[in-house]
Amino acid sequence: MCGIVGYIGKSHNSTEVLLSGLTNLEYRGYDSAGIARICNGEIEIIKSCGPIVNLKDKVNYSKNSNIGIGHTRWATHGVPSIENSHPHKVGKTTIVHNGIIENYLELKKDLNAIYEFKSDTDTEVACALLDNLYKECNDMLKAIQNFQDIVRGSYAIAILSDDEPNTIYVIKHMSPLIIGVGDDETFIASDVPAILEYTKNYVVLNDGDYAKVTNDGFKIYDSNGNEKKYDVRTFSLDASSIGKNGYDHFMLKEINEEPEIAKKLINRYIENGEIKKLPSIKDCKNVTIVACGSAMHAGLIGKYLIEKNIEIPVSVEIASEFRYKQLFIDKNSLVIVISQSGETADTLAAVKIAKEKGAKTLGIVNVVESSIAREVDDVIYTEAGSEIAVATTKAYFAQVLMLMFLSLRDKDLDSEDFKSAHVDIDKLIHRDEIYDKIAKKIHEQNDIYFIGRQIDYSLCMEGSLKLKEISYLHSEAYAAGELKHGSIALIGDGTPVFSVITDESIAEKTRSNMKEVKARGAHVILLISEDLDYDGDDYDEKIVIPAHQEFLKSIIAIIPLQLISYKTALLRGCSIDKPKNLAKSVTVE
Ligand code: F6R
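Note that this is a predicted model, so its numbers are computed, not measured. (Residues numbered from 1 in each chain as written. Predicted model: local features only at pLDDT ≥ 70, side-chain atom pairs only at ≥ 80, totals over all residues. Heavy atoms only, no water.)

A. Fine view of the overall build of the protein. Secondary structure assignment for the protein yields 19 helices and 26 strands. Its C-alpha atoms give the protein a radius of gyration of 25 Å, within 12% of the compact-globule value 25 Å for 589 residues. Within the span of the protein, comprising 589 residues, buried residues form 61% of the whole. Relative to all contacts within the protein whose residues are 6 or more apart in sequence, the contacts with residues 24 or more apart total 70%. (Helix = DSSP H or I, 4+ residues; strand = E, 2+ residues; numbered from the N terminus. Rg over C-alpha atoms; globule rule 2.2 N^0.38 Å. Buried < 20%, exposed > 50% of the residue type's maximum accessible area, 1.4 Å probe, protein only. Contact = heavy atoms within 4.5 Å.)

Structural data, given as C-alpha cells:
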C-alpha cells in the first residue's frame, strides 16, 4: 500500500530510476504519484494524479539528477489530488511516506501555530514534525530519533533535506522498506521489484531502524541510535520474472502459471505416496487460521481440510477482527497465518499477538523474507513467484495446495493422480469457449450469486470476491442451504447463480438448492467435478472439472471462476490488473 523508491549514485539519472521503480511498484497504489529530485542542489517536486504514466508525461527528462525520492499513493487521508499526493515539502524537509500516522490530528493542532498545511494528509503533518524537530537540533539523525518517540502508527519514510543535497534519510516502523545495494549507488524501495532492474542485492530494515544514505554508502541505526551491522541478501528471481511475458494482463499470465506451480509443489512435497518436508500439526490442541481477503478464503478451505483429515478443531479469523477480539489460544494452539505479500498489516499484527499468547505460529507466505515470514516461528513458502495483478490468483491457488498438503501430511496418497494434475489444470485453463460464453451472459447483469456447501462454499466465496473486485459487479456467495432464509428473495428471472459441486457428500443437497433457485427463474451455471456430473434440467450452463482424488478436484474448481471473472472484467472494460480503490499490499489497518 503506497510504494516508495529512492536513488542516490553516479551511474544513473535519478529520474529514470525513480520512474522505473514506481512503475514496478504501481501495484501498491495508483491514485497519484510524485517524485522529488535534486538538480544542481535544488529540490524539484513533480506530482500527478492517476497512474504513473501521467507523471511520466510531466517530467523533463533532460535534467541531470543523481538523487531523488518517489511515491505512488493509495489514498488513506484525503482524496487523490495533487495537494494530497507525495512528496510533501515543509520548511527544509521533503518526505514520501507509506503507512498511517495515527496521532496526526493531535500533532497537527500543535504544529498549526508554526506551519500552514496545504493537504489533508497525515504525511504532511509528519513532514512538518520532522522539519520542526530538525530546526531544534540541526541534526537530522537526532530529529528522526525524536520523531520516533513522538509519532504513533506505521511508517516507512524517505527524507530529503534542503541542507544536505547529497543525502537521503529513511525510517521504518511497521511498513516495509529495503535498501538496495549497487556498485557506487544505493536504492531505497518498499519492495524488491522496484529496483530489480538495477540490483538484486538488498538489506531489509527492521522496525525502529533508520538510515543515512549518501554517495559513500549507508549506515543503519537501531531505535536507540546505535549503528547496526546488516546482512546483504540476494533476490533469487530476475527482472523478467515480473514481466507480462506476452500476456495482455498480469492476471491472465498468473492464472496460466498455475499448472506449473501445481507441478512444482506436488513434485517437491509428494514422494512415494506421502507428503514430505512439511511439519506435522496433528499434536496441536486446536488451530486458528488468520488472514485477510482471498488468503482468508484459502484459510476456510484449510479449515475444512484439516478438520476432515487431521480431526482437530480449526477456526478461521479475519485478521482485522482477530487482533481486537477475546482470544482463546495458548501454548497448545497453532496459529497459521496466510499471506501472499507477507506484509499485510493486520495479519502481521495477528502474528505478534498470537506469539504474545504463547501460541506457535506458522506462516504460509509467498514473498520470501517478508515481514510475516520473518516474524513467524515457522514458515512454508508457497513459491508462486512474483504476483503483480492486484487480484490474487496463483498465490491463492498455491496457498490452498499447501494447506491441502499440510492436512494430508500423515495420510497415504495416490501420487500418480497428483503428478498428472498439472496437465488437467492446463486443459481447464484453455477452455475459453465456455468461459467466454458465460462472461458474455453475465457481464451486463447487476447481481450475481454463488452457492455451494462445505468446501464448495469456500470456493464460492473466493469466486465471488474475484468477480466483484475486478469487474465491479455486485456478487455474493451463500452457503447453499442458507439462501432460503432470506436472500432467495433476490433471485428473479435470469439472475445468474453459480452453483459449485465438487464434494460428493453434499452433492445431492446442493442440487436441491439449485432447483429452488431455478424454480424462481435463475440462470444456473453449474461447476461440477467429472465424477459427479449428470444431465439435468436444473442448470443452464455447465463446466466440468476433471476428476481427481478428493480435495484436489475441489481446489482446482477455482480456476474457471478466476477466468470467468477475468473475461467478464475484460468485457466491461475494467482495469484488470489495477482495479479501482485497491492495492496489492495492504500495509495499513
Ligand atoms: C483479493 C486479494 C486480497 C488479498 C488480501 C490479503 O484478490 O488479493 O483480498 O488476498 O489483501 O493479502 P495478502 O495475502 O498479501 O496478505
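On we go from here.
B. Looking closely at the domain arrangement of the protein. According to the domain assignment, the protein consists of domain 1 (3–241), domain 2 (243–428) and domain 3 (431–589). Distance from the C-alpha centre of domain 1 to the C-alpha centre of domain 3: 43 Å. Across the boundary between the two partners, domain 1 contributes 15 residues, which contact ten residues of domain 3. Buried area between domain 1 and domain 3, both sides added, is near 970 Å², and the carbon and sulfur share of it is 55%. Across the contact surface, domain 1 and domain 3 share one salt bridge. A salt bridge links Lys578 to Glu26; its shortest N-O distance comes to 2.7 Å. No other element matches strand S6 (residues 93–101), which puts three residues into the side of domain 1 that touches domain 3. (Domains from an automatic or database assignment. Buried area = accessible area lost by both parts, 1.4 Å probe. Salt bridge = Lys/Arg side-chain N within 4 Å of Asp/Glu carboxyl O.)

C. Spatial organisation of the packing of aromatic side chains. In this structure the tally under the stated criterion is eleven aromatic pairs. When the ring of Tyr304 is compared with that of Phe551, the centres are 6.5 Å apart and the planes differ by 70°; the resulting orientation is edge-to-face. Highlighted residues: Tyr304 in helix H8 (residues 293–310) and Phe551 in the loop between strand S26 (541–545) and helix H18 (552–555), separated in sequence by 247 residues. Ring-pair connections join several aromatic residues into one group, and the members of that group are Tyr7, Phe187 and Tyr198. Across the ring face of Tyr534, the terminal group of Arg511 is positioned such that the distance to the ring centre comes to 3.4 Å. Taking the ring centre of Tyr472 as reference, the NZ or CZ of Lys580 above it sits at 4.3 Å. (Phe/Tyr/Trp six-rings, centres within 6.5 Å; stacked < 30°, edge-to-face > 60°. Lys NZ or Arg CZ within 6 Å of the ring centre and 35° of its normal.)

D. Just the layout of surface pockets, in detail. Counted as a void, the second largest pocket has a volume near 650 Å³. Forming the boundary of the second largest pocket are 29 residues, of which Cys292, Gly293, Ala583, Lys584 and Val586 lie nearest the centre. Secondary structure elements with two or more residues in the lining of the second largest pocket: H8, strand S19 (333–339), helix H10 (345–356) and helix H16 (455–471). Domain assignment of the residues forming the lining of the second largest pocket places at least three in each of domain 2 (243–428) and domain 3 (431–589). (1 Å grid on protein atoms, 1.4 Å probe; cavity = no way out; pocket = protein on both sides within 12 Å on 5 of 7 lines; lining within 4 Å. Points joined across faces, edges and corners; volume = space filled by probe spheres on them.)

E. Fine view of the pattern of salt bridges. Taken as a whole and assessed by the stated rule, the structure comprises 38 salt bridges. One salt bridge connects Lys276 with Glu274, and the closest N-O pair in it is separated by 3.4 Å. For Glu274, a relative accessible area of 35% puts it in the partly exposed group. A single salt-bridge network, built from bridges that share partners, covers Arg37, Glu44 and Lys63.

F. Here's a closer look at helix H3 (residues 104–111). Residues of H3 that are buried include every one of Tyr104, Leu107, Lys108 and Leu111, and no others. For H3, the arc enclosing every buried residue in end-on projection is 105°, short of the 170-degree limit, so these residues lie on one face. Among the exposed residues of H3, those pointing more than 90 degrees away from its buried face are Leu105, Lys109 and Asp110. (Arc of directions from axis to C-beta.)

G. Region of interest: the sheet that holds strand S11 (residues 201–204). Spatially, eight strands are ordered S3-S2-S4-S1-S10-S9-S11-S14 in an open sheet, and the strand pairing comes out antiparallel. Strand pairing shows two members of the sheet lacking a second neighbour, strand S3 (42–49) and strand S14 (233–234), which therefore form its edges. Each of strand S1 (3–9), strand S2 (32–39), strand S4 (67–73) and strand S10 (185–189) is contacted by helix H1 (residues 14–25), which is oriented at about 155° to S1, the strand it contacts most. (Pairing = 2+ DSSP bridges. Axes fitted to C-alpha atoms, helices over the stretch in contact; angles between N-to-C directions.)

H. Geometry of empty space enclosed by the protein. Applying the stated criterion across every chain, the model contains three cavities of 30 Å³ or more. Space inside the largest cavity adds up to approximately 70 Å³. Taken together, 14 residues form the lining of the largest cavity, with Cys2, Trp74, Thr76, His86 and Gly99 sitting closest to its centre. For the lining of the largest cavity, the secondary structure elements donating two or more residues are S6 and helix H4 (122–137).

I. Structural context of the site of the ligand. Near the ligand, the surroundings consist of 13 residues, among which Ser339, Gln340, Ser341, Thr344 and Glu469 are the closest. In the model, an oxygen atom of the ligand is placed 2.7 Å from a nitrogen or oxygen of the Ser341 side chain. For the ligand, an oxygen atom lies 2.5 Å from a polar atom in the side chain of Glu469. Summarising the interface, the protein chains cover 89% of the accessible area of the ligand, which totals 410 Å² for the free molecule. When atoms are counted within 2 Å of each cavity's grid points, the one that captures over half of the ligand is the second largest pocket. Elements represented by at least two residues in the shell around the ligand include exactly H8 and H16. With three residues, H8 is the largest single contributor of residues to the shell around the ligand. When the residues that make up the shell around the ligand are grouped by side-chain class, the tally is four nonpolar, seven polar and two charged. (Near = heavy atom within 4 Å. Polar contact = N/O pair within 3.5 Å; in protein donor to acceptor, adjacent residues only side chain to side chain. Areas by Shrake-Rupley, 256 points an atom, 1.4 Å probe, with all protein chains shown as cover. Sits in = over half its atoms within 2 Å of the grid points. Nonpolar A, V, L, I, M, F, W, Y, C, P; charged D, E, K, R; others polar.)

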